[in-house]
Amino acid sequence: HDDGMEPLRARQAVAEALARGAGARARKFFLQRDTLHPELKSDSQDLVSEADRSIEAWLRRAIRRHFPGDGIVGEEEAATEGTSGFVWVIDPIDGTMPFLVGQPNWTVSIGLACGGEPVAGVIYAPMLRELYSAVAGGGARLNGRSLAMNPDWTIASTTIGFGATQKALPAEVGAFVEGLYREGGVLFRVGSGALMLAYVAANRLAGYYDPTLHCWDCWAGMVLVREAGGLVSFDGDFTRPGAMWAGNATVHAALRRLSGRD
Ligand code: IPD
Ligand code: CA
Ligand code: CA
Ligand code: CA
């Protein structure tokens, strides 16, 4: 039957297939990463390679073939507008740095927006063999298993993901870390914001804070965390980066306070 979810569920199914397809392509590049010639973008740890560009191009072609009326926002190419109301928010490789240095913690992140709201998200970690998938109102899953966040955790219960890059202000990083450690919090960082959000949804991290994320880093992860019962806030949009906070209600509030926001 059609419960109004059909167009969204159809896109979630395609997003899962495309995440696996992109992941298989990325894995081939990863196994031959010494042959890539990465270029610097904005700073000494912001790189891009043929892998990022060709996988984004492959994803865009596939999305246009399946849903020609949908818009697409992605990291490596200019945004394209659609007519259907759905916008795909894609990062072909989230974690280019770990990818290039041979760490397994990088992901393909595919989010969907409708009316500017995050409505579906798929995050695939090919080297970890993990596919995270969520749809608004339909729950979050890891390799098919339902995810539900621990509502009782505080920032001191287990590690907190933190994503500051060279773009972060040293004094703000210092103040956040000092405050967190004063309250019993301990930091964790991998170079994929999408993976850290997936880890929050899967109870592998108590929460996550990043002062400067782009929509394509966190769009899919926002749906995962919300559908696993958590809270997420993001003060960026499709055109500019912003800060991101994620956790259960207690952790989310504490991270916002420690970041100087509330
Ligand atoms: C980066 C990762 C990282 C975050 C950076 C992002 P990229 O994405 O998500 O965890 O801290 O802000 O730019 O460039 O590897 O796709
Ligand atoms: Ca990048
Ligand atoms: Ca990214
Ligand atoms: Ca990327």
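Look above for the structure.
In this report, the structure presented in the accompanying data block is examined. (Residues numbered from 1 in each chain as written. Chains lettered and ligands numbered in written order. Predicted model: local features only at pLDDT ≥ 70, side-chain atom pairs only at ≥ 80, totals over all residues. Heavy atoms only, no water.)

Regarding the overall build of the protein
For the protein, the count of helices and strands is 7 helices and 14 strands. Computed over the C-alpha atoms, the radius of gyration of the protein is 17 Å, within 12% of the 18 Å expected from 2.2 N^0.38 for a compact globule of 262 residues. When the backbone C-alpha atoms are referred to their principal axes, the protein occupies close to 50 × 50 × 30 Å. If you take every contact in the protein between residues at least 6 apart in sequence, the share linking residues at least 24 apart comes to 62%. Carbon and sulfur atoms make up 52% of the accessible area of the protein, which totals about 11400 Å². Positive and negative charge centroids in the protein, built from 25 and 30 side chains respectively, lie 5 Å apart. (Helix = DSSP H or I, 4+ residues; strand = E, 2+ residues; numbered from the N terminus. Rg over C-alpha atoms; globule rule 2.2 N^0.38 Å. Contact = heavy atoms within 4.5 Å. Areas by Shrake-Rupley, 256 points an atom, 1.4 Å probe, with all protein chains shown as cover. Lys, Arg positive; Asp, Glu negative; His and termini not counted. Charge placed at Lys NZ, Arg CZ, Asp CG, Glu CD.)

Regarding the coordination of the calcium ion (ligand 3)
Four donors placed tetrahedrally around a metal ideally meet at 109.5 degrees, and six donors placed octahedrally ideally meet at 90 or 180 degrees. Protein ligation of the calcium ion (ligand 3) involves D91 (OD), D94 (OD) and D217 (OD), the donor distances falling in the range 2.0 to 2.2 Å. Between the donor residues of the calcium ion (ligand 3), the gaps in sequence give the motif D-x2-D-x122-D. What makes D94 buried here is its relative accessible area of 5%. (Donors = N, O, S within 2.8 Å, 3.2 Å for Na, K, Ca; no water. Buried < 20%, exposed > 50% of the residue type's maximum accessible area, 1.4 Å probe, protein only.)

Some words on the site of ligand 1
Residues in close proximity to ligand 1 total 16 residues, the closest being D94, G95, T96, G163 and G193. Between G95 and ligand 1, the recorded distance is 2.8 Å, taken from a backbone N or O atom to an oxygen atom. Broken down by secondary-structure element, the contributors of at least two residues to the shell around ligand 1 are β4 (86-94) and β12 (207-213). Classifying every residue of the shell around ligand 1 gives 2 nonpolar, 8 polar and 6 charged. When we break the shell around ligand 1 down by domain, the ones giving at least three residues each are domain 1 (6-146) and domain 2 (160-258). (Near = heavy atom within 4 Å. Polar contact = N/O pair within 3.5 Å; in protein donor to acceptor, adjacent residues only side chain to side chain. Nonpolar A, V, L, I, M, F, W, Y, C, P; charged D, E, K, R; others polar. Domains from an automatic or database assignment.)

Some points on the coordination of the calcium ion (ligand 4)
The protein atoms donating to the calcium ion (ligand 4) are E75 (OE), D91 (OD), D91 (OD) and I93 (O), with metal-donor distances spanning 2.2 to 3.1 Å. Here the donor residues of the calcium ion (ligand 4) are spaced in sequence according to E-x15-D-x1-I. Taken as a pair, the calcium ion (ligand 4) and the calcium ion (ligand 2) lie 3.9 Å from each other and share E75 as a ligand. Of the two residues, E75 is situated in the loop between β3 (71-74) and β4 and D91 in strand β4; the sequence distance between them amounts to 16 residues. In this structure E75 comes out as partly exposed when scored by relative accessible area, which is 24%. Residue class for D91 comes out buried when judged on its relative accessible area of 0%.

Describing the pattern of salt bridges
Pairing is possible between side chains of opposite charge, provided their charged atoms come close. By the definition in use, this model includes 13 salt bridges. Put simply, D43 and K167 hold a salt bridge, and the shortest N to O gap is 2.6 Å. Remark: K167 occurs in the loop between β10 (160-162) and α4 (170-182) and D43 occurs in the loop between β1 (39-40) and β2 (47-48); sequence separation between them is 124 residues. For D235, the salt bridge goes to R261, with nearest N and O atoms at 2.5 Å. Highlighted residues: D235 in the loop between β13 (231-234) and β14 (242-247) and R261 in the segment after α7 (249-258), separated in sequence by 26 residues. Residue classification places D235 among the partly exposed positions, given a relative accessible area of 29%. Within the structure, one salt-bridge network assembled from shared partners comprises K41, E75 and E76. (Salt bridge = Lys/Arg side-chain N within 4 Å of Asp/Glu carboxyl O.)

Points about the packing of aromatic side chains
Describing an aromatic ring pair means giving the distance of the ring centres and the angle of the ring planes. This model, assessed by the stated rule, comprises 10 aromatic pairs. Note on F188 and Y199: the rings are 6.3 Å apart at their centroids and 50° apart in plane angle, and the pair reads as tilted. With F188 in strand β11 (residues 187-188) and Y199 in helix α5 (residues 193-201), the pair connects residues that are 11 residues apart, well separated along the chain. Overall, the relative accessible area of 26% leaves F188 in the partly exposed class. The interplanar angle of 55° and the centroid separation of 5.0 Å between the aromatic rings of W219 and F238 together place this pair among those described as tilted. Linking W219 in helix α6 (residues 215-227) with F238 in the loop between β13 and β14, this pair joins segments that are 19 residues apart in sequence. In this structure W219 comes out as buried when scored by relative accessible area, which is 5%. (Phe/Tyr/Trp six-rings, centres within 6.5 Å; stacked < 30°, edge-to-face > 60°.)

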